[in-house]
Amino acid sequence: MIRINCPYCGERDHSEFSYGGDGSITYPALDASAEEWLEAVFQRENIRGVQTETWHHVSGCRQWLLVERDTMTHEIHSVHAAHEGIAKVLEAGK
Amino acid sequence: MTRFSAWSVFRNGFKDQSGWTRQWRDPEPKKHYDIVIVGGGLHGLATAYYLAKNHGLKNIAILEKGWLGGGNAGRNTTIVRSNYFMPGNREFYEHSLKLWENLSHELNYNVMFSQRSHISLLHSPGAIDASARRYNTMRLTGTPDAEIWDLNTLKQNVPHLNYGPDSRFPIMGAAVQKRAGTARHDAVAWGYARAADALGVDIIQNCEVTATTRSANSISSLTTSRGEITANKVGFAVAGNTSRLWQMAGFNTLPIESHKLQAFVSEPLKPLLDQVVVFGVGGAHFYISQSDKGGMVFGGDLDWYKSYAQRGNLPIVQDVAECAISILPCLGRVRLLRHWSGVMDMTMDGSPFICKTPLDNLYLNAGWNYGGFKASPASGWYFADLIANDRPHDTIANFNLDRFAQGVSMDERGAGPDPKLHG
């Protein structure tokens, strides 16, 4: 069982969360070229090792998180709020 | 190679089984081959066999980083079916099923293919209508054994299911493919290996590709744990780890994510279930059959997050156990013997790739999602055809990496570009 330390709720089993996908993707502007959208929607680096990925705390606070996780060992290196503004508020409160 | 026959079995019975010879050679890798297939799983072995058999090619090698049958070849639930709906997929998988039907004779090796029927349970009028559409399409396009069963027919054929009116999703009928079934997965690997070896293919185990050398627009040589090997043509058939090899070949991304899928086998039981039964409703996903040794072989969903680890998580064990009890309550006190996990290429539309690549002499076979085992004969057949003729066969015209750019993705499930949803 992977344990994810949610910045809002504390450490929880991964079964409370829903895996989103590759968190390194930045979606292009709506009027960007089809090639840019093709890259963002369909193409993946599929890293074996530490990757940044999104998780949704769907059975908890329902916030999206950015998690650095090793895809071979499942070790988690860091967990942050995905929303930059919320992440800053959380940082300031520490 | 000794040919297997009733007579050879009988004769060796009198000779204390001493007359059997090695099934395939263990050759040292040569410096150069005409064709190198990377990956000694079912797809790679089948490809090498059909290259030699159908196209008369010589000087072929298979490079396998571990041992034959040690990857997903030995980690599946051995189900063979061709109940596909989309053009391309249905012809491909039906061709595969026809190859399965003659495989034991073709390879002179008993792959224990058992056409015991594949039964998908239906739980709502909507599911019956959708299945009628799919199975009618199959009948119209060359798969004659598609049937829809009503509840009474199902009860007569599979009496042990939970038909209770108080079950959460009462069973209303089933979509059935009678020529579908199971095969012994190890025997398929060994059978293809033995037949390919007899046609001169070098099967080189414990030989991991660690780097490639490019010259101009092709791969000039492969660096392996057993030395440098050059080849005129190179085929990749390493589903699960395709992205890593792709990056070794100097590329970056693919429409693939690696996910793990678990499978389970129970302690052996007396004969209980004559068919493959599939249960999928309300978020459940479960498939079960009984092996010839009596073990109940079953599986469910992916582990729901990307992973290269060949080990499964416990929430899915619980999920699969709940599914098992939902449709076969009689399994309640059966003990689990083993469970294991394999790493699979999950693609953006749930369909595979057998295609040329941006490099002139590199060919790709990848992206088998949940369907790699049943596909392996046709996968090898069409991949060999592609490598030998340097052009895709009409049937696999859309099995390429460009289909997303062209807007012709083959999304059998209609789940959209999220690999983990194409189970």
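Okay, so let's go over this structure. Everything quoted here is computed from the prediction, not taken from an experiment. (Residues numbered from 1 in each chain as written. Chains lettered and ligands numbered in written order. Predicted model: local features only at pLDDT ≥ 70, side-chain atom pairs only at ≥ 80, totals over all residues. Heavy atoms only, no water.)

1. Considerations on the overall build of chain B
- Secondary structure summary: chain B contains 10 helices and 18 strands in total.
- For a compact globule of 423 residues, the expected C-alpha radius of gyration is about 22 Å, and chain B comes in at 22 Å, within 12% of that figure.
- By principal-axis analysis of the C-alpha atoms, chain B measures approximately 65 × 65 × 40 Å.
- Here chain B holds 423 residues, and 56% of them are scored as buried.
- Across chain B, every contact between residues at least 6 apart in sequence was considered, and the portion connecting residues at least 24 apart equals 75%.
- Counting every atom, chain B has about 17,100 Å² of accessible surface; 52% of that belongs to carbon and sulfur. (Helix = DSSP H or I, 4+ residues; strand = E, 2+ residues; numbered from the N terminus. Rg over C-alpha atoms; globule rule 2.2 N^0.38 Å. Buried < 20%, exposed > 50% of the residue type's maximum accessible area, 1.4 Å probe, protein only. Contact = heavy atoms within 4.5 Å. Areas by Shrake-Rupley, 256 points an atom, 1.4 Å probe, with all protein chains shown as cover.)

2. A look at the sheet that holds strand E4 (residues 50-56) of chain A
All names here are of chain A.
- An order of E3-E4-E5-E6 is seen for the 4 strands of this open sheet, with the pairing classed as antiparallel. Two strands lie at the open edges of the sheet, namely strand E3 (18-22) and strand E6 (76-81), each paired on one side alone. Here the strands of the sheet are splayed against their neighbours by 30° on average, with no regard to which way each runs.
- The pairing of strand E5 (residues 64-70) with E6 spans 5 bridges and is antiparallel. Bridging from a neighbouring strand, Leu66 pairs with His80 of E6. (Pairing = 2+ DSSP bridges. Axes fitted to C-alpha atoms, helices over the stretch in contact; angles between N-to-C directions.)

3. As for the interface of chain A and chain B
- Taken residue by residue, the interface counts 24 residues in chain A and 26 residues in chain B.
- Note on chain A versus chain B: buried area summed over both sides is about 2,200 Å², and carbon and sulfur give 52% of it.
- Considering only the surface of chain A that becomes buried against chain B, Tyr19(A), Phe42(A) and Asn46(A) emerge as the three largest contributors, covering 29% of it.
- Counting across the chain A and chain B interface gives 1 salt bridge.
- A salt bridge links Glu257(B) to Arg44(A); the nearest nitrogen and oxygen atoms lie 3.9 Å apart.
- At the boundary of chain A with chain B, the tally comes to 16 residue pairs in polar contact (both at pLDDT 80 or more).
- Elements with a contribution of two residues or more to the side of chain A that touches chain B: E3, helix H1 (34-42) and E4 of chain A.
- Considering only residue class, the side of chain A that touches chain B consists of 9 nonpolar, 9 polar and 6 charged. (Buried area = accessible area lost by both parts, 1.4 Å probe. Salt bridge = Lys/Arg side-chain N within 4 Å of Asp/Glu carboxyl O. Polar contact = N/O pair within 3.5 Å; in protein donor to acceptor, adjacent residues only side chain to side chain. Nonpolar A, V, L, I, M, F, W, Y, C, P; charged D, E, K, R; others polar.)

4. Comments concerning the pattern of salt bridges
All names here are of chain B.
- This model, assessed by the stated rule, comprises 24 salt bridges over all chains.
- Residue Arg134 pairs with Glu412 through a salt bridge whose shortest N-O separation is 3.3 Å. In this pair, Arg134 sits in helix H5 (residues 125-140) while Glu412 sits in the segment after helix H10 (372-389), placing the two residues 278 residues apart along the sequence.

Such coordinate-based values are descriptive only and should not be taken to indicate function.
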